[in-house]
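Spelled out, the chains give:
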Amino acid sequence: MSETIRLGYHEGTLLVSGAAPSVLEALPGVWPDPRTKEHRAEGRAYRPLVEHLRAQGTAYTDEARQWGVTPWPLRISRDPFPHQREAVEIWWKQGGRGVVVLPTGTGKTFVAMLAIQRVGRPTLVVTPTIDLMTQWYREVGVAFDVPVGLLGGGYHDLQPLTVTTYDSARIHVEKWANRYGFVVFDEAHHLPSASNAAAAIGALAPFRLGLTATPERADGQEVMLDHLIGPLVYRREITELTGQFLASYRTERLYVELTPDEAAAYQQARDHYRQFCSERGFSLGGANGLRRFIMESTRSREGRAAFESFQLQRKIALAAPAKLHLLEQLLDIHRQNRVIIFTHDNATVYEISRRFLVPAITHQTKTKERKHILDGFLTGEYTTVVTSRVLNEGVDVPAANVGIVLSGTSTVAEHVQRLGRLLRKQGEKQALLIEVVSRGTVEEYSSARRRQHEAYQ
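Predicted model only: the values in this text are computed from it and were never measured. (Residues numbered from 1 in each chain as written. Predicted model: local features only at pLDDT ≥ 70, side-chain atom pairs only at ≥ 80, totals over all residues. Heavy atoms only, no water.)

## Here we look at the overall build of the chain
Stage number 1. Along the chain, the regular secondary structure elements total 18 helices and 19 strands.
Stage number 2. Residue burial in the chain is summarised as follows: out of 457 residues, 53% are buried.
Stage number 3. Sequence separation of at least 24 residues holds for 72% of the intrachain contacts in the chain that already meet a minimum separation of 6.
Stage number 4. Accessible surface for the chain amounts to roughly 21,100 Å². Of this, 50% is attributable to carbon and sulfur atoms. (Helix = DSSP H or I, 4+ residues; strand = E, 2+ residues; numbered from the N terminus. Buried < 20%, exposed > 50% of the residue type's maximum accessible area, 1.4 Å probe, protein only. Contact = heavy atoms within 4.5 Å. Areas by Shrake-Rupley, 256 points an atom, 1.4 Å probe, with all protein chains shown as cover.)

Right under this line is the structure:
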């Protein structure tokens, strides 16, 4: 091939030209765009395309990327833990692409700092929430003595080192995709969703790092991480790091009984909606069962009644009054500890907050109020906090040593994340996770399913 291939950039895609169409279409990831009569490739094809051209000895000009080598000297003087050093070394040997799985509290953020230093390219850190974006912004600013950009939460300041959210990265992908040679995806299990994946697909970055404690997803789409970031290159579980790097812990499961009236109402509601599903030939436990049920329930009066029964049986199981009676006893027993109460829904959060006079954190809690509550929890001004799912991942709460799960989903990921909130090493603390389950309900199945992780064995 004597032609010189030209690589350009346009709104999250590569433009490839400089040779005959048949030659261009033989290149990895390149296709003809009938709208513009040009040849394109997804942004993520940049690395394999350049590697192919180099391996073939093909001349090319690169006008696509807008980054260069950028040294990032760390100003933090601390030796990495063995698992942090191993993770970065193995990731780098795999070409600087891949997913690192480490339990919450074992320093995934510092792993990213070491990787940023190693790669030496302009870097974008992508996080799932504004809270985590703010947390990363603070920590990156301490680690590297440079201006740190923000993209999201009302900010649009792109610097060579920038922190953003999945939503903002997706919305503005065409503005940053060719500016960063390295992208870090925090809580990377969020990436495979149809909307979030657009950020990884559009990015040219040849170096990619995914960080998560729980890569597995309920929909099985974690297999997409290999295509979006790279293979799983390093993994350590809670049980491997407990004691030296994580707080020691134990777990308990406590059962409450429904009253005869509650049990009868639960069974009647359950039988009602299950009969509706059976008559239409599907099960909630099957693939896309819940989605199918919701669609069917909107099409008739019988469907709406079945969905009301579904909601009633969930409310009876997840928010049984006996759970609040037991919670009162547990809070008395653990009044000297720092307790996080986890529930599945906001209504229960606010009921617990009012009944026991403890601060509540939900998605509706404003940023300043949330910071005030977490700061008070750290100092001991508040000894108990109740939350729905916003503290499941990412937010540091090192003072917490007791978690009480009143309700939740059946996913392993959620349960491991909740355990992870308690395991941040702090002195000689020993953590305790208490799971409260309504006996004789679907919660028993959910509990058994979400505990299918070696951390609970």
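## Here's the deal with the pairing of strand β12 (residues 207–212)
Stage number 1. Counting buried residues along β12, six of its six residues qualify, which places the element largely inside the surrounding structure.
Stage number 2. Residues F207, L209 and L211 line one face of β12 and the alternating positions R208, G210 and T212 line the opposite face, and both faces are buried.
Stage number 3. Bridge analysis of strand β6 (residues 97–101) against β12 gives five bridges, and the strand direction is parallel. Residue pairing in the sheet places V99 in a bridge with G210 of β12. (Pairing = 2+ DSSP bridges.)

## Quick word on the sheet that holds strand β3 (residues 31–33)
Stage number 1. Pairing is mixed in the open sheet, where five strands are placed in the order β3-β4-β2-β1-β5. The sheet is open, and its two borders are formed by β3 and β5 (60–62), each paired with just one other strand. Put simply, the sheet's adjacent strands are angled 35° from each other on average, direction ignored.
Stage number 2. The sheet contact formed by strand β1 (residues 5–10) and β5 spans three bridges and is parallel. Paired with R6 across the strands is T61, a residue of β5. (Axes fitted to C-alpha atoms, helices over the stretch in contact; angles between N-to-C directions.)

## Quick word on the nonpolar core
Stage number 1. Counting 43 residues, the largest nonpolar core has V16, W176 and F185 as its most contacted members.
Stage number 2. Of the residues forming this core, the biggest block, four residues, is contributed by helix α2 (residues 46–55).
Stage number 3. Other than its neighbours up to four places away in sequence, W176 contacts L124, L151, L158, A169, V183, A199 and A203.
Stage number 4. Counting 32 residues, the second-largest nonpolar core is a separate cluster that includes A112, L114, L150 and L209. (Core = buried A, V, L, I, M, F, W, Y, C linked by side-chain atoms within 4.5 Å.)

## Some points on the sheet that holds strand β10 (residues 161–165)
Stage number 1. Reading across from one edge, β9-β8-β10-β7-β11-β12-β6-β13 is the order of the eight strands in this open sheet, with mixed pairing throughout. In this open sheet, the two edge strands, each paired with only one partner strand, are β9 (155–157) and β13 (232–235). Put simply, the sheet's adjacent strands are angled 20° from each other on average, direction ignored.
Stage number 2. Direction of pairing for strand β8 (residues 149–152) relative to β10: parallel, over a ladder of three bridges. Bridging across to β10, G149 finds its partner in T162.
Stage number 3. Its contacts with the sheet place helix α3 (residues 82–93) against β6, β11 (182–186), β12 and β13, and it is angled at close to 165° to β13.
Stage number 4. Across the sheet, helix α4 (residues 108–119) touches β7 (123–127), β10, β11 and β12, and the angle it forms with β12 is around 175°.

## Considering the packing of helix α12 (residues 289–297) against helix α13 (residues 301–318)
The description of two helices packed together rests on the angle between their axes and the distance between the axes.
Stage number 1. As a packed pair, α12 and α13 sit with axes 7 Å apart at the nearest point and diverge in direction by 135°. In this view, α12 runs oblique relative to α13, as classed from their interaxial angle. Residues L290, F293, I294, E296 and S297 of α12 form the contact with α13, whose own contacting residues are G303, R304, A306, F307 and F310. (Parallel < 35°, antiparallel > 145°, perpendicular 65-115°, else oblique.)

## So, the pattern of salt bridges
Stage number 1. Under the counting rule described, the total for this entry stands at 18 salt bridges.
Stage number 2. Measuring nitrogen to oxygen at the nearest pair gives 3.0 Å for the salt bridge that ties E51 to R47. Here R47 and E51 lie together in helix α2, a separation of four residues that amounts to about one turn.
Stage number 3. Judged by relative accessible area, which is 18%, R47 ranks as buried.
Stage number 4. Residues E86 and R236 are paired through a salt bridge, measuring 3.3 Å at the closest nitrogen-oxygen approach. Taken as a pair, E86 in helix α3 and R236 in the loop between β13 and α10 (238–241) lie far apart in primary sequence, 150 residues in all.
Stage number 5. Owing to a relative accessible area of 25%, R236 belongs among the partly exposed residues under this scheme.
Stage number 6. Connected through shared salt-bridge partners, D33, R35, E38 and R40 make up one network. (Salt bridge = Lys/Arg side-chain N within 4 Å of Asp/Glu carboxyl O.)

## Some details on helix α15 (residues 346–356)
Stage number 1. The complete set of buried residues in α15 reads T348, V349, I352, S353 and F356. The arc that holds every buried residue of α15, seen down its axis, measures 140°, which confines them to one face. Summarising the geometry of α15, the exposed residues directed more than 90 degrees from the buried face are A347 and R354.
Stage number 2. Looking at the buried side of α15, the elements it contacts are α14 (321–333), β15 (339–342), β16 (360–361) and β17 (384–387).
Stage number 3. The backbone nitrogen of A347 lies 3.3 Å from a side-chain oxygen of the residue at the head of α15, namely D345.
Stage number 4. Positive backbone phi, at 55°, marks L357, one or two positions downstream of α15. (Arc of directions from axis to C-beta. Polar contact = N/O pair within 3.5 Å; in protein donor to acceptor, adjacent residues only side chain to side chain.)

## Details of unusual backbone geometry
Stage number 1. Its identity as a non-glycine residue notwithstanding, K37 has a phi of 60°, on the positive side.
Stage number 2. Following the sequence through the fold, K37 ends up in the loop between β3 and β4 (38–42).
Stage number 3. Owing to a relative accessible area of 73%, K37 belongs among the exposed residues under this scheme.
Stage number 4. Although it is not a glycine, L357 adopts a positive phi angle of roughly 55°.
Stage number 5. Mapping L357 onto the fold places it in the loop between α15 and β16.

## Concerning the side chain of D186
Stage number 1. Its place among the elements puts D186 in strand β11.
Stage number 2. Buried within the structure, D186 lacks any salt-bridge partner; its nearest side chain of opposite charge belongs to K108, at an N-O separation of 6.1 Å.
Stage number 3. Aside from chain neighbours lying at most four places away, what touches D186 is V126, T127, P128, L132, W136, Y166 and L211. (Lys, Arg positive; Asp, Glu negative; His and termini not counted.)

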